[in-house]
Amino acid sequence: MAQNKRGHMGGPGHGPMVVEKANDFKGTTKKLIKDYLSKYKIVLIIVIIFAIGSTIFQVVGPKILGNATTEIFNGIISKLSGGSGINFGNILKILLTLLTLYIISALFSLIQGFLMTGISQKLTYKLRNDIVIKINKLPMRYFDKRTNGETLSVITNDIDTLSQNLNQSITQIITSICTLIGILIMMFSISWEMTLVSLVILPITVLIVGKIVGKSQKYFAKQQDYLGYVNGQVEEIYGGHTIVKAFNGEEQAIKEFERANKELYKSGWKSQFLSGLMHPIMNFIGNIGYVAVAILGGYFAINGRITVGNIQSFIQYNKQFTHPIMQIAQISSMLQSMVAAAERVFKFLEEEEEKEDIENPIQTENLKGNVTFDHVKFGYDEDRIIINDFNATIKDGQKVAIVGPTGAGKTTIVKLLMRFYDVNSGKILIDGHNIKDFKRGELRKMFGMVLQDTWLFGGTIKDNIKYSNPEASDAEVIEAAKSAHVHHFIKTLPKSYDMVINEESSNISAGQKQLLTIARVILADPKILILDEATSSIDTRTELQIQSAMDNLMNGRTSFIIAHRLSTIKNADLILVMNNGDIVELGTHEELLEKGGFYSDLYNSQFEEAEE
């Protein structure tokens, strides 16, 4: 069972998680900037300016606050020496200056956050639009080779990751770098000796943290693997709960879960313990640094080389110094995830599209629906041919049934007819015109399709029926519903045709949903019908009701019926019997039974199964 193992950063205290990396970080970043972010370069420059401004005002704060501390200290010493004491006027000026700086910093931060959020959301909006447009241009081959989950993951997970990380990373990386540079400048301005002492502590911290991260990383990776396995096992067991109980598999399921859960516990304990060591160790080393700075600062203060306020400011800067470093480390992980997500999005957008390069396409208005298959050869993969040499001529208005065992190529023929795929060799003609000479969209207007699997979208029943013909009037919708024998059922619903269909519409059965899709096709009034076992989800009584309506619908139209139950196509004008990609027999029901060949064996085997 496939699990989504795309990495992400854990929150504080959770330690480093496995971060997915891009295959071409530099190339993807360049493309992101050139093709998307360059459109917002003026706004981005403003964001950078405000981010730098906000950081500068924030960094200067502790130095000014230190001046207030010095003023208070000098005032107390002056008072003890018989002087005037603390100058509260100067302190008020200092505090008001500090408050002003912090307000400006907050305002700058608010503006740059607002602008950056706007950029990321506009980018997200454009990418989602591009992806939806792209989906409708991709050939069916693309979706055959990928799961629906993979495509949905690009639209949801990857776009969200790109948007969120872009919004945070650009401003944070500017802020972190400016803060780091600003703090270093302020520390050197106070005392270069104390700054060097603080910097000596840094490589020791990095070395120890690096070793812990190196050890914990492999346990986090193992934890992710077993977490996916455990989640998959739980989903599998509960999904097949009835089967597990029916075969008394509870004990075996519990044993398998306990084994996997034990491994998850071991890897989880080690990874969390090791990552949990980082903060205490960093705090311990940091405290040693504070002690060293305090001793050296006290010595300088006694010798008159530094003020008390500057010592306080320096300690504040020293405490803040590691924060931007940790933020940069986190941002690097965010950037990796963001670029990896962008890479998948760009790869999707660069997939080869269906080619539509017809200069003078054939129009479909006056066509009747004669269909010819001329030596058609096709395989989803070139080395695996499904249709070998398919030949058939169908006259307009004929009802043609395509039958055969599973894998014979029945549905494939229909897909080729509608140009979901193009033939490897041979031709498919409609009224003598090669279907490659039509625009795909124009060609598909000729077809009405009812599939075995019903598809209804979230919306009213009326909207679902009108999906095939949005311009249809309400009267036409009702007439189509009556022809499909579903009008009476719709009238019994609380809001009739205006009832909204969704996942909770449990009062609509599978058969009734199928009837609605048939009404949709009736409303389209197509020249050619395709029915892929259209009555498979309908009970026998409903099937008898709809059969006459379907016969009326097919009257005068070329109809292709993919049939699994052979009893439903006895009155077909022509039956094409397929096996291993070729037509092995053709004729009417009676003619084929008289031959006593493949169709006869197939029909009799189904009849015998029904009797049993």
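A brief report on the enclosed structure follows. These figures come from a predicted structure and were not determined experimentally. (Residues numbered from 1 in each chain as written. Predicted model: local features only at pLDDT ≥ 70, side-chain atom pairs only at ≥ 80, totals over all residues. Heavy atoms only, no water.)

**Re the side chain of Ser-163**
Point 1. For Ser-163, the position within the fold is in helix α5 (residues 148-190).
Point 2. Judged by its relative accessible area of 7%, Ser-163 falls in the buried class.
Point 3. Not counting chain neighbours up to four residues away, the residues in contact with Ser-163 comprise Ser-120, Gln-121 and Thr-124. (Helix = DSSP H or I, 4+ residues; strand = E, 2+ residues; numbered from the N terminus. Buried < 20%, exposed > 50% of the residue type's maximum accessible area, 1.4 Å probe, protein only. Contact = heavy atoms within 4.5 Å.)

**Focus on the pattern of salt bridges**
Point 1. Across all of its chains, the model carries 13 salt bridges by this definition.
Point 2. Ionic pairing is found between Asp-130 and Lys-126, a salt bridge with its closest N-O pair at 3.0 Å. Taken together, the positions of Asp-130 and Lys-126, both in helix α3 (residues 88-135) and four residues apart, correspond to about one turn of that helix.
Point 3. By relative accessible area, which is 28% here, Lys-126 ends up partly exposed.
Point 4. Several salt bridges converge on common partners, so that one network encompasses Lys-31, Asp-35 and Glu-350. (Salt bridge = Lys/Arg side-chain N within 4 Å of Asp/Glu carboxyl O.)

**Description of a nonpolar patch on the surface**
Point 1. Side chains of Ile-72, Phe-73, Ile-76, Ile-77 and Leu-80 sit close together on the surface and give an oily, nonpolar patch of about 450 Å² of accessible area.
Point 2. Within the secondary structure layout, Ile-76 lies in helix α2 (residues 41-80). (Patch = residues over 30% accessible without salt bridge, like charges linked within 9 Å, V, L, I, M, F, W, Y side chains within 5 Å. Areas by Shrake-Rupley, 256 points an atom, 1.4 Å probe, with all protein chains shown as cover.)

**Section: the environment of Leu-592**
Point 1. Relative to the assigned elements, Leu-592 resides in helix α17 (residues 589-595).
Point 2. We classify Leu-592 as buried; its relative accessible area is 0%.
Point 3. When the C-alpha positions of Leu-592 and Ile-575 are compared, they lie 8.4 Å apart, and in sequence the two are 17 residues distant.
Point 4. Sequence-distant contacts of Leu-592, defined by excluding residues within four places in its chain, comprise Ile-575, Val-577, Glu-585, Leu-586, Gly-587, Gly-597, Tyr-599 and Ser-600.

**A word on unusual backbone geometry**
Point 1. Even without being glycine, His-375 reaches a positive phi, approximately 50°.
Point 2. Here His-375 lies in strand β1 (residues 371-378).
Point 3. On the basis of relative accessible area, His-375 is assigned to the partly exposed category, the value being 47%.
Point 4. One non-glycine residue, Asp-431, lies in the positive phi region at around 50°.
Point 5. Its location among the elements puts Asp-431 in the loop between β4 (425-430) and β5 (433-434).
Point 6. Residue Asp-431 is classed as partly exposed on the basis of its relative accessible area, which comes to 22%.

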